[in-house]
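Residue-level listing of the chains:
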4 protein chains.
Amino acid sequence: MIKVGIVGGTGYTGVELLRLLALHPQVKLQVITSRADAGTPVSQMFPSLRGFVELKFSHPDEAHLDQCDVVFFATPNGIAMQQTRALLDAGVKVIDLAADFRIKDVAEWEKWYGMSHACPDLIAEAVYGLPEVNRAKIKLARLVANPGCYPTAVQLGFIPLLEAGVIEEGSLIADSKSGVSGAGRKAEIPTLFSEASDNFKAYGVAGHRHLPEIKQGLANASGKAVGLTFVPHLTPMIRGIHATLYGRLKKDTDLQALFEKRYAGETFVDVLPAGSMPDTRSVRGSNLCRIAVHRPQGGDTVVVLSVIDNLVKGAAGQAVQNLNIMFGFPESTGIGLIPLLP
Amino acid sequence: MIKVGIVGGTGYTGVELLRLLALHPQVKLQVITSRADAGTPVSQMFPSLRGFVELKFSHPDEAHLDQCDVVFFATPNGIAMQQTRALLDAGVKVIDLAADFRIKDVAEWEKWYGMSHACPDLIAEAVYGLPEVNRAKIKLARLVANPGCYPTAVQLGFIPLLEAGVIEEGSLIADSKSGVSGAGRKAEIPTLFSEASDNFKAYGVAGHRHLPEIKQGLANASGKAVGLTFVPHLTPMIRGIHATLYGRLKKDTDLQALFEKRYAGETFVDVLPAGSMPDTRSVRGSNLCRIAVHRPQGGDTVVVLSVIDNLVKGAAGQAVQNLNIMFGFPESTGIGLIPLLP
Amino acid sequence: MIKVGIVGGTGYTGVELLRLLALHPQVKLQVITSRADAGTPVSQMFPSLRGFVELKFSHPDEAHLDQCDVVFFATPNGIAMQQTRALLDAGVKVIDLAADFRIKDVAEWEKWYGMSHACPDLIAEAVYGLPEVNRAKIKLARLVANPGCYPTAVQLGFIPLLEAGVIEEGSLIADSKSGVSGAGRKAEIPTLFSEASDNFKAYGVAGHRHLPEIKQGLANASGKAVGLTFVPHLTPMIRGIHATLYGRLKKDTDLQALFEKRYAGETFVDVLPAGSMPDTRSVRGSNLCRIAVHRPQGGDTVVVLSVIDNLVKGAAGQAVQNLNIMFGFPESTGIGLIPLLP
Amino acid sequence: MIKVGIVGGTGYTGVELLRLLALHPQVKLQVITSRADAGTPVSQMFPSLRGFVELKFSHPDEAHLDQCDVVFFATPNGIAMQQTRALLDAGVKVIDLAADFRIKDVAEWEKWYGMSHACPDLIAEAVYGLPEVNRAKIKLARLVANPGCYPTAVQLGFIPLLEAGVIEEGSLIADSKSGVSGAGRKAEIPTLFSEASDNFKAYGVAGHRHLPEIKQGLANASGKAVGLTFVPHLTPMIRGIHATLYGRLKKDTDLQALFEKRYAGETFVDVLPAGSMPDTRSVRGSNLCRIAVHRPQGGDTVVVLSVIDNLVKGAAGQAVQNLNIMFGFPESTGIGLIPLLP
């Protein structure tokens, strides 16, 4: 049993971490912090957890996070970077679900996130927590930067093609659709039910913070810089991301075999049979990414369909997957849940 | 490990049974039948089960159900009664998720279900599978009639009041709202997305098949016949039942204490603190029933709010709960899942 | 053409007023105010109005409302009462869509709304704007208190029974379900898509501000005080209210004929054929109230099903209906729209 | 007043035609046919029309369509081609909302629609009813092939770019998302609420019947054949199409001005200000197409966002627009409705 702390547990990523960790057989939930809600029982804010989580929210100043084995940050961007060094110094491992340590180019990070970075040296040390790419490094890491939701779905879809060098890396398109929980549990008008229901729209077309993160990952897979047009959309469902990815073929290849081989042995990436089109609900509540690859009318455009649950494989589930790797637990411990359908 | 068979696994109750049983540590899923889809892998029809369930649907004639320890019927009404005697004779226990054995009064059953009953004597033997009422009998049963979804939510809400004799039993009202999955996985126009979404309506006001089932259960609790107005409604969500129950107080009593005492020790009934109003999502995907009791403005009308997931506590989860009781497993084995929120 | 002003047009009631008034052939939209958004084109906030409404929001101080023929208040409670006297004095008619003038008992109003009333004498003058009850008075009114959404649906459903004296007035039950737009266009967590979607819950069981308004109206219909249990619920749809009403019969009567006779000649109340169960979508976007009356199993409980669009007959549409009556236009001018289905 | 007939009015296109035509000041709804539902009042099937449409469905054999001035076919594919010649011979104009006359290449049509065409010569005569392209021809037409829903949204978005020759026509991508009503009012499992709600998926990736229709239209705009990858998706809303279109710039140009100039004077195409991202709800229930054009990060990829209501501008509304043009009525007669928001 390891002792786990969560900083900032009042958002959707936080409650999802709690759902997964509460039944994780190797984890003792030690502390969860919230400045605003200190003293409130977690299960009062999230009645779904009644009977499963007995903790109250602790004030950050009294949380004794340094006595944990690992701390998750489920906070807004810019918080983890303030507290990580002290935790690492105290021998605590850190998994940041926000974006503080995802982008290696500090100037690029500062441009997109609009603040100075508090500890650029730790960016260099941090391991980008996409297990299907960095498993060996994650195993040794003190600090893991858990990937964003769009970046997870888009990278897992493009990586086999880019690693194999079969598509033009200069003109990639990622048309991505997210459920509304991706916007977080914040009181804002555009994500009200009466605004977001029975509606569909694009947003962030001019530029979205996940763009540099995705480009960094794809460049690593490709071995050279990539050109990417990334258009996120809001779709009226709670959970789920569907990435529809377009690339132009440079050479003929057996795409189905390429994907199956790349993800053979991966517990959480499921390459569907040729001709399949995954529903987001086929991964709802689970840590799975399901992928299908198509070549419509045998033309030179590859279409990849990649679905995840944004709160699980796109956030809390992948964070627990990283914890399992970091602590030597079987990788699916606590996250081997079957998707909820219907 | 016990060997489990499922008859009729192509509906929502079936896929939910599979979700729960696939990870049940004491169960080996032996066979699942479907006349129309024999030969099809289960995970092809329900991609959510890919990687978890390797079975194909078997033709009923080749299913060898008599080699199972227990068989679930997740079939339309009128099927289980045809096959139950042979299974019992072969030493197989039976849990019927349909209505064939729920109503003790055969004539009443035949009136509401519009067919002759094939084995009235087995109705007499069957135990109504509401563990919070019949746990001791279920433990000994060969044949369990798993309750309907509305009846579960309504009975659990009224039982403490009727057992204690504190409300008039002649004028009960159960205003009940169900998610659309309650109508099953059948190709019908009224439950199309474009019909049922962004819409709310009552149905079955003149009479619904769950009415006699509920009245039977409430009469048992009360010790005398009850008068009940039951109005079901369709609400645009997938899972969940919310029963709003009204009764007229006969005597003053501490309602909160009454409910807490009645359900003390019950794993799957959660009496909320006074003043609470449960969301259906607070039980989504779980076997819980959450209940709150109110007395608005201190008047003589009691209002009980009772929520369940219709596919879990209202069907498959309760069936597994019954299996656990029948086979002596800890009652929450395989069904201790945390609700999915958001 | 009359000159119309709207105070507070940035909520759902405001945009709905604009939708209706923009095509009203007797109306010139003169001014619409918003303190926070002064200077912003209305169609920038509500792109649905692009090409139909050219106005910008005006600052209240520069709105010259006294030059209008009629002013609608689509404001939070407590605003209209500050400004109404000056407008009336200037010869401007006022239709308040908030609650400031709905309740005749000032103390009762102050208790439920938590403020002192600024002009109790105008409460006495104000006409409660339910045309099916007060048409003659509305025609002569300077000041109309437009009914609330729940009160409209519940009163129209109970009134025929109470006026005829056929149900016990002491034990009425109104189990009411509202779409989420009823909560307004306010940035709040409970009405976020990810909170309110795929979910159903009761709220305000202990007491809701619409309770005294409904009781006042029902007492007027009945000729004596009524006892009412009112439980509102939130259902995951944008628009619509479904009231399920229960009363106990005192004497036998032809309920269908009673309702048809009461609403004969009413353009906006549609009594459905016996046995019907109205969908909320059958009135979506229209000013209609559709009603069905039932007597399940021939017992002594009457069940009335009453549906409206909360933003139209429950707010802006009824306000325009009142305007038509006040200015002598045909009552359906500008609000004769056909419901949007699907 | 012209006499209008509708063949096949029991689907969503049919009820939407009725909604629009019932209030059209120049139209008398003469007859609506349905083989299966002959004798049933239209308003019984569609309660939204109670009080607005008094017609009953007529049996096709007794419909006397030849006495109409114009007949709409709101039928499955393959019906209109059987009856059109007789109607034209009788002097009746025909507007087909199905696909029978949309594709000029008969062999191509027969390949995609899997049947022999009954009257290839009428295909040659038929005018493709996209008013923004073919207004002059529509004015003179006896037979109009009303465009499909996806084709309308995609063509209106690409046409300015292709006519101006500013994008490579060989590598167009149309990532399109449709509400569920696009699948029609048919009893099928995949479009049940419990299947399609809270879910997102692609379909028809290998090839969709709208592909050849779109390519034909785009080739006409471009003056040469185009290469198009078209991926439709199902999104959990009732109405609306959102097309996200990608093209590669061949030359620098002022995209915003290009679009504004192309659609200047078009009542039903609204080019949004630079930087806008249209919601589908901003056109809900209206005949509008709203379009925004983007060039993310100033790169060489153009992104066009185009939204319509699939049942209005994508079907019934455009059909009425064509009727108005054919009969010389002002083009927005009866279809000048304001979108329903929220």
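The structure we're discussing is the one just above.
## Structural notes on the overall build of chain A
Within chain A, the secondary structure is distributed over 11 helices and 14 strands. Over its C-alpha trace chain A gives a radius of gyration of 19 Å, about what one expects of a compact globule, namely 20 Å for 342 residues. Within the span of chain A, comprising 342 residues, buried residues form 61% of the whole. In chain A, once contacts between residues fewer than 6 apart in sequence are set aside, the share between residues at least 24 apart is 71%.

## Description of the relation of the copies chain D and chain A
Related by rotation about an axis and a shift along that axis, the two copies of the chain form a pair. Expressed as a screw operation, the relation of chain D to chain A combines 0.0 Å of axial shift with a rotation of 180°, fitting to an RMSD of 0.0 Å. Those values place the two copies in the arrangement expected of a two-fold rotation axis. Relative to the rotation axis, the closest C-alpha in chain D is found at Pro236(D), a distance of 3.0 Å.

## What about the interface of chain D and chain A?
If you look at the interface, chain D gives 38 residues, while chain A gives 37 residues. Of all the secondary structure elements, the ones that give two or more residues to the side of chain D that touches chain A are β8 (172–178), α8 (193–196), β9 (201–202), β10 (228–234), β11 (241–248) and β14 (301–308) of chain D. Grouping the constituent residues of the side of chain D that touches chain A by class yields 17 nonpolar, 14 polar and seven charged.

## Some details on the sheet that holds strand β9 (residues 228–234) of chain C
All names here are of chain C. Read across the sheet, seven strands follow the order β8-β9-β7-β10-β13-β12-β11 without closing on themselves; strand pairing throughout is mixed. At either end of the open sheet lies a strand with only one pairing partner, and these are β8 (201–202) and β11 (269–271). Where strand β12 (residues 289–294) meets strand β13 (residues 301–308), six bridges bridge the pair, whose relative direction is antiparallel. Paired with His294 across the strands is Val303, a residue of β13. This element, helix α7 (residues 149–163), spans β7 (172–178), β9, β10 (241–248), β11, β12 and β13 of the sheet and lies at about 35° to β10.

## A few points about the environment of Lys111(A)
Residues and elements named next belong to chain A. With respect to the helices, strands and loops of the structure, Lys111 is situated in helix α4 (residues 106–113). Since 11 C-beta atoms lie within 10 Å of it, Lys111 is described here as exposed. The sequence separation of Lys111 and Arg209 amounts to 98 residues, and the corresponding C-alpha distance is 9.6 Å.

## A look at the environment of Ile167(D)
Residue and element names in this part refer to chain D. Positionally, Ile167 belongs in the loop between α7 (149–163) and β8. Separated by 173 residues in the primary sequence, Ile167 and Leu340 have C-alpha atoms spaced 35 Å apart. Ignoring anything within four residues of it in the chain, the contact list for Ile167 reads Leu161, Leu162, Gly247, Arg248, Leu249, Lys250 and Val302.

## Comments concerning the interface of chain A and chain C
If you look at the interface, chain A gives 16 residues, while chain C gives 16 residues. Considering each element in turn, the side of chain A that touches chain C owes the most residues, three residues, to helix α8 (residues 193–196) of chain A. Its residues assigned to classes, the side of chain A that touches chain C comprises nine nonpolar, four polar and three charged.

## A short note on helix α11 (residues 312–327) of chain C
Residues and elements named next belong to chain C. With 16 residues, α11 extends just 19 Å between its outermost C-alpha atoms, more than 12% less than the 22 Å of an ideal straight helix rising 1.5 Å per residue. Burial analysis of α11 places 15 of its 16 residues in the buried class, which makes it a mostly covered element. Gly328 sits one or two positions beyond α11 and adopts a positive phi of about 75°.

## Observations concerning the relation of the copies chain A and chain C
Note on the copies: chain A fits chain C at an RMSD of 0.0 Å, the axial shift is 0.0 Å, and the rotation between them is 180°. The residues that chain A uses at the interface reappear at the interface of chain C in 100% of cases, marking a shared surface.

## Comments concerning the sheet that holds strand β14 (residues 301–308) of chain B
All names here are of chain B. Spatial strand order, β9-β10-β8-β11-β14-β13-β12: seven strands in an open sheet with mixed pairing. Taken across any chain shown, the strands that pair with only one partner, and hence form the sheet edges, are β9 (201–202) and β12 (269–271). Relative to strand β10 (residues 228–234), strand β8 (residues 172–178) is paired through seven bridges, and the arrangement is parallel. Among the inter-strand pairings, Lys177 is bridged to a residue of β10, identified as His233. Against the sheet, helix α10 (residues 255–262) engages β12, β13 (289–294) and β14, with an angle of about 160° to β13.

Reading the values: rules and limits
Residues numbered from 1 in each chain as written. Chains lettered and ligands numbered in written order. Predicted model: local features only at pLDDT ≥ 70, side-chain atom pairs only at ≥ 80, totals over all residues. Helix = DSSP H or I, 4+ residues; strand = E, 2+ residues; numbered from the N terminus. Rg over C-alpha atoms; globule rule 2.2 N^0.38 Å. Buried ≥ 20, exposed ≤ 12 C-beta atoms within 10 Å, placed from the backbone. Contact = placed C-beta atoms within 7 Å. Least-squares fit on C-alpha atoms with pLDDT ≥ 70 in both. Nonpolar A, V, L, I, M, F, W, Y, C, P; charged D, E, K, R; others polar. Pairing = 2+ DSSP bridges. Axes fitted to C-alpha atoms, helices over the stretch in contact; angles between N-to-C directions. Expected span 1.5 Å × (residues − 1).

All quantities given are derived from atomic positions and should not be read as evidence of function.
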